[in-house]
Amino acid sequence: MTEESTAARTPRRSAGSKAGTSGTKAAGSKTAAGKAAGTRTARTKAAGTKRTTGTTAQKAAAAAANGAEPGLVQLLTPEGERVVNAEYDRYVAGITADELRGLYRDMVLTRRFDAEATALQRQGELGLWASLLGQEAAQIGSGRALNDDDYVFPTYREHGVAWCRGVDPANLLGMFRGVNNGGWDPNGNNFHLYTIVIGSQTLHATGYAMGIAKDGADSAVIAYFGDGASSQGDVAESFTFSAVYNAPVVFFCQNNQWAISEPTEKQTRVPLYQRAQGYGFPGVRVDGNDVLACLAVTKWALERARAGEGPTLVEAYTYRMGAHTTSDDPTRYRHDDERAAWEAKDPILRLRRHLEAANHADEGFFAELEAESEALGRRVREAVRGMPDPDHFAIFENVYADGHALVDEERAQFAAYQASFADEGGH
């Protein structure tokens, strides 16, 4: 309780107190004056604390943007130099040159697919698209840390994670073209359908994780969400339930600095990963543009979950290079120099520099990958343009597992409505 609130709650003197001497009154006045002065001091200190905290937060954010904030797990610098980390090195100690090339290939192909999808939307082939440009390392690193029996609950931007789970990129586009509600079987890849409602998938992930814990399964769950979603009540509830029930779930927050047009400073006064402390489980901030660090930290968090040690919050500190979606114009709320500063820390360029410096890849590898990425772009474009129109009656098929009389009635009404548009020839 603050000094001010204590003073405000002090009961007033009763009428009988007036019988006291003038000296007592004077003493009371001095006491009141002292309390008032103390209150002013407390207010001044509080205001000063706020100013100091804000300045500290701004300095911390600036330092983090330069990759220099203490506690930021980093294994590859923006120049591609390997950094020794005593805590997380063991999770990538045995990685081979072939596996490093594989991570690079994953990021390049994911970015190429993403660019093709953006172009398709601009050309009217898709209704909307949410680009992952700049977030490839966070998604590929965490995606490749998963075991086959782990389960993923994505948002609508986890195209790189979908790639790691074996989901055909073309299948990701059906929903954005408006021909289906997903396009893949979640149980076939342990990769849930995209979630449009912000933050709700963290509740789904927590419930699923509680279920597999009761089943005694030796697997883990990972839930993806953004910095903006961290302000949703669903996320707070997920943190509470997962902590209390020791659920084997990893909360993977991609802090790309912007929740549409709102910067992270409008979401929190402390680094996002520190929120986990209030719920009783660990949080860690990782360089989200460092694929090796994301791989290592996610492996660590998943191991904790599988070992029965409960949830973990991973904050991947990265940057959304493009628009929030293709309906957004980021030039209205952020500066070009901000993007330029992050372009220097591009996740793909970072790993390429490392591969070249270590002689793990030559020009032939990069040329072959470039040809593969162009082929992927062409395949995706052809697949989208060849998608059939949806069956108008499919909406009635999966409402109830065993059917329902009301749904049957509605289906018949819709069929009659459709038939009313037919001409006399039945066409």
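Just so it is clear, the model here is predicted, and its values are computed rather than measured.

Draft legend 1. Just the overall build of the protein chain, in detail. In terms of regular secondary structure, the protein chain is built from 14 helices and eight strands. For the protein chain, restricting intrachain contacts to residue pairs at least 6 apart in sequence, the fraction spanning at least 24 positions comes to 74%. Carbon and sulfur atoms provide 52% of the accessible area of the protein chain, an area that totals close to 21,500 Å².

Draft legend 2. Structural context of the nonpolar core. Grouped together as the largest cluster of nonpolar side chains are 68 residues, with contacts concentrated most on Tyr104, Leu173 and Leu351. The element contributing the most residues to this core is helix 10 (residues 291-306), with 11 residues.

Draft legend 3. Representation of the pairing of strand 7 (residues 283-287) in the model. In terms of burial, strand 7 is largely enclosed, as four of its five residues are buried. As paired elements, strand 1 (residues 72-73) and strand 7 share two bridges and run parallel to each other. Considered in strand 7, the bridge of Leu72 is made with Arg285. Judged from the five bridges that link them, strand 7 and strand 8 (residues 312-317) form a sheet pairing that is parallel. Each residue of the ladder has a partner; that of Val286, found in strand 8, is Ala316.

Draft legend 4. Layout of helix 3 (residues 97-122). When the terminal C-alpha atoms of helix 3 are compared, their 38 Å separation across 26 residues agrees well with the 38 Å that a helix rising 1.5 Å per residue should span. Immediately downstream of helix 3, the backbone of Gly124 shows phi near 85°, a positive value.

Draft legend 5. Expanded view of the pairing of strand 3 (residues 221-226). Burial within strand 3 is extensive, with five of its six residues counted as buried. In this sheet, strand 3 lies alongside strand 2 (residues 151-153) in parallel orientation, the contact comprising three bridges. Counted as the bridge partner of Val152 is Ile222 from strand 3. Bridge count for strand 3 against strand 4 (residues 249-255) is six bridges, and the pairing is parallel. Directly across from Phe225, in strand 4, lies its bridge partner Cys253. Of the crossover connections in this fold, the one passing from strand 3 over helix 9 (residues 233-244) to the parallel strand 4 is right-handed.

Draft legend 6. Up close: the side chain of Thr155. Tracing the sequence through the fold places Thr155 in the loop between strand 2 and helix 5 (159-164). Engagement of the side chain of Thr155 in a polar contact is seen with the backbone nitrogen of Arg157, the distance being 3.1 Å. A distance of 2.5 Å separates a polar atom in the side chain of Thr155 from a polar atom in the side chain of Glu158.

Draft legend 7. Looking closely at the pattern of salt bridges. Evaluation of the coordinates by the stated rule reveals 22 salt bridges. Residue Arg111 is joined to Glu136 by a salt bridge in which the shortest nitrogen-to-oxygen separation is 2.9 Å. Of this pair, Arg111 sits in helix 3 while Glu136 sits in helix 4 (residues 136-143), and the two are 25 residues apart along the sequence. One salt bridge connects Arg381 with Glu116, and the closest N-O pair in it is separated by 2.6 Å.

Draft legend 8. Highlighting the sheet that holds strand 3. Across the sheet, which stays open at both edges, the six strands sit in the order 1-7-8-4-3-2 with parallel pairing between neighbours. Both outer strands of the open sheet, strand 1 and strand 2, are each paired with one neighbouring strand and no more. Sitting on the sheet, helix 8 (residues 200-215) is in contact with strand 2, strand 3 and strand 4, with an inclination near 170° to strand 3.

Draft legend 9. Molecular detail of unusual backbone geometry. Phi angles above zero are rare outside glycine, and Gln257 is one such case at about 80°. Relative to the elements of secondary structure, Gln257 occurs in the loop between strand 4 and strand 5 (258-259). If you check the backbone angles, Ile260 has positive phi at about 55° while not being a glycine. Of note, Ile260 is situated in the loop between strand 5 and strand 6 (262-263).

Draft legend 10. Just the packing of helix 8 against helix 9, in detail. Interhelical geometry of helix 8 versus helix 9 gives an angle of 15° and a closest axis separation of 7 Å. One element, helix 8, and the other, helix 9, form an angle in the roughly parallel class. The crossing of helix 8 and helix 9 is left-handed. Facing helix 8, whose interface residues are Ser200, Thr202, Leu203, Thr206 and Met210, helix 9 presents Asp234, Val235, Glu237, Ser238, Phe241 and Ser242. Partitioned by chemical class, the residues of the contact of helix 8 with helix 9 number four nonpolar, five polar and two charged.

Criteria and thresholds
- Residues numbered from 1 in each chain as written.
- Predicted model: local features only at pLDDT ≥ 70, side-chain atom pairs only at ≥ 80, totals over all residues.
- Heavy atoms only, no water.
- Helix = DSSP H or I, 4+ residues; strand = E, 2+ residues; numbered from the N terminus.
- Contact = heavy atoms within 4.5 Å.
- Areas by Shrake-Rupley, 256 points an atom, 1.4 Å probe, with all protein chains shown as cover.
- Core = buried A, V, L, I, M, F, W, Y, C linked by side-chain atoms within 4.5 Å.
- Buried < 20%, exposed > 50% of the residue type's maximum accessible area, 1.4 Å probe, protein only.
- Pairing = 2+ DSSP bridges.
- Expected span 1.5 Å × (residues − 1).
- Right-handed = clockwise from strand over helix to strand, strands pointing away.
- Polar contact = N/O pair within 3.5 Å; in protein donor to acceptor, adjacent residues only side chain to side chain.
- Salt bridge = Lys/Arg side-chain N within 4 Å of Asp/Glu carboxyl O.
- Axes fitted to C-alpha atoms, helices over the stretch in contact; angles between N-to-C directions.
- Parallel < 35°, antiparallel > 145°, perpendicular 65-115°, else oblique.
- Left-handed = near helix turned anticlockwise from the far one by under 90°.
- Nonpolar A, V, L, I, M, F, W, Y, C, P; charged D, E, K, R; others polar.

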